Amino acid sequence: MKLRAITLSMAALLASTVSVAGMVSVSSNIDILAIDGQKASKNLLKETRSFTVNDTDSHQVVVRVAELIGSSSNQSLFESSPIIVTFKGNGEDLVISAPTLNSQSDVEKFQKMPSISVKNLSGQVVEAKIDLLKQEGIFPNANIINDLSDYNASGAAAAVPALATQTMSAAVPMTNGAGKVTKGKITVQGENVAEQQL
């Protein structure tokens, strides 16, 4: 009798500590750029198009919608600005999707108000916050993680403050133990400094 009670309590304990993982996938017109503050791997970008969420915390995914617009003889590629999607994990498999964009008017509507949905496999909508990630520069995607960190620190609509990282500028003066300001030193390796500054 005691052995049976111990066995049942051990089974209950194991069942309560096992976390249920859910798979998050995206529709065919969505590319994943970042997940929870980390840049997505190339494998994730092009091949698997899914990732696992194994907790009930807030998760943040940065996506881009890419679609061929127009007729077969006159097609152009539309790529949206990066879109931030924030949702709570729940152990269910989820699908992040965007509407199909067939025409230039569809693109214009989408650019004015991006429409991204998060649903479980039974089609029920999962609450999500959507916002655009504003980027600057010649190669904005090169700084996507820094831009996302700044966004998360700003407290904007789809921000997850826990994913914001603090960065310290090299121009900030540092003090030594005696209260005197010391100069920082930046070492650039390589022969072409102008190329590395890009």
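In the block above lies the structure referred to throughout.
Now for a description of the structure that goes with this document. Each chain has its residues counted from 1, running along the sequence as written. Restriction of local features to residues with pLDDT of at least 70 applies here, the model being predicted, together with a cutoff of 80 or more for giving and counting side-chain atom pairs; totals for whole chains, interfaces and linings are based on all residues. As a rule here, side-chain values cover all heavy atoms of the structure and leave hydrogens and water aside.

1. Considering the overall build of the chain
- Secondary structure follows DSSP: runs of H or I at least 4 residues long count as helices, runs of E at least 2 residues long count as strands, and numbering of each begins at the N terminus. The number of helices and strands found in the chain is five helices and 12 strands.
- When the 198 residues of the chain are sorted by exposure, 29% land in the buried category.
- We call two residues in contact when some of their heavy atoms are within 4.5 Å. Of the contacts formed within the chain by residues at least 6 apart in sequence, a portion of 60% connects residues at least 24 apart.
- For accessible areas, the Shrake-Rupley method is used with a probe of radius 1.4 Å. Any residue's cover is judged against the shown protein chains and nothing else. Roughly 13400 Å² of accessible area belongs to the chain as shown, and the carbon and sulfur atoms make up 54% of that amount. Residue exposure (1.4 Å probe, protein chains only): buried if accessible area is under 20% of the type maximum, exposed if over 50%, otherwise partly exposed.

2. Description of unusual backbone geometry
- One non-glycine residue, Asp-36, lies in positive phi territory at about 50°.
- Along the chain, the position of Asp-36 falls in the loop between β2 (30-35) and β3 (38-39).

3. What about the packing of aromatic side chains?
- Only Phe, Tyr and Trp rings are paired, with Trp represented by its six-membered ring, and only when their centres lie within 6.5 Å; those with planes under 30 degrees apart are stacked, over 60 edge-to-face, the remainder tilted. Throughout the structure, instances matching the rule amount to one aromatic pair.
- With centroids separated by 6.3 Å and ring planes inclined at 85°, the aromatic side chains of Phe-78 and Phe-110 adopt a geometry described as edge-to-face. Note that Phe-78 is positioned in strand β6 (residues 76-79) and Phe-110 in helix α3 (residues 104-112), a separation of 32 residues in sequence.
- Taking the relative accessible area as the measure of exposure, Phe-110 reaches 4% and is therefore buried.

4. Re the environment of Ile-32
- Inspection of the secondary structure assignment puts Ile-32 in strand β2.
- Taking the C-alpha atoms as reference, Ile-32 lies 8.6 Å from Ser-50; in sequence the two are 18 residues apart.

5. Description of the nonpolar core
- Residues enter a nonpolar core if they are buried and are Ala, Val, Leu, Ile, Met, Phe, Trp, Tyr or Cys, with the set joined through side-chain atoms within 4.5 Å. Within the largest apolar cluster, 25 residues are counted, with the highest numbers of intra-cluster contacts made by Ile-30, Val-65, Ile-96 and Ile-116.
- The biggest single contributor to this core is strand β5 (residues 58-69), with four residues.
- Excluding its chain neighbours within four sequence positions, the residues that come into contact with Ile-30 are Arg-49, Val-63, Arg-64, Val-65, Ile-96, Ser-97, Ala-98 and Ile-116.

6. Overview of the sheet that holds strand β9 (residues 117-120)
- Here we have four strands laid out as an open sheet, ordered β4-β1-β8-β9, and mixed in their pairing. Two strands in the sheet have a free side with no partner beyond their single neighbour: β4 (50-53) and β9. Across this sheet, the average inter-strand angle for adjacent strands is 25°, counted without regard to direction.
- In this structure, strand β1 (residues 22-26) lies alongside β4, joined through four bridges in antiparallel fashion. Bridged to Ser-25 within β4 is Ser-50. Two strands pair if DSSP finds at least two bridges between them. In this description, a line fitted to the C-alpha atoms serves as the axis of each element, helices being fitted only across the stretch in contact, and the angle between N-to-C directions of two axes falls anywhere from 0 to 180 degrees.

7. Observations regarding the pairing of strand β7 (residues 83-88)
- With five of its six residues buried, β7 lies for the most part within the structure.
- With six bridges joining them, β5 and β7 adopt antiparallel strand pairing. By the bridge assignment for β7, Ser-58 is matched with Lys-88.
- Pairing of β7 with strand β10 (residues 128-132), which is carried by five bridges, proceeds in the antiparallel orientation. From the neighbouring strand, Val-85 faces β10, where its bridge partner is Ile-130.

8. Looking at the environment of Pro-82
- By the element assignment, Pro-82 lies in the loop between β6 and β7.
- Judged by relative accessible area, which is 5%, Pro-82 ranks as buried.
- Spatially, the C-alpha atom of Pro-82 lies 8.7 Å from that of Ile-144, the residues being 62 residues apart in sequence.
- Sequence-distant contacts of Pro-82, that is, excluding residues within four places in its chain, are made with Leu-33, Val-62, Val-63, Arg-64, Asp-131, Leu-132, Leu-133, Gln-135, Asn-141 and Ile-144.

9. With respect to the environment of Ile-69
- Looking at the secondary structure, you find Ile-69 in strand β5.
- With relative accessibility at 5%, the residue Ile-69 sits in the buried group.
- Spatially, the C-alpha atoms of Ile-69 and Gln-104 are 6.9 Å apart, while their sequence positions differ by 35 residues.
- Apart from the residues within four sequence positions on either side, Ile-69 is in contact with Asn-74, Gln-75, Ser-76, Phe-78, Leu-101, Asn-102, Ser-103, Gln-104 and Val-107.

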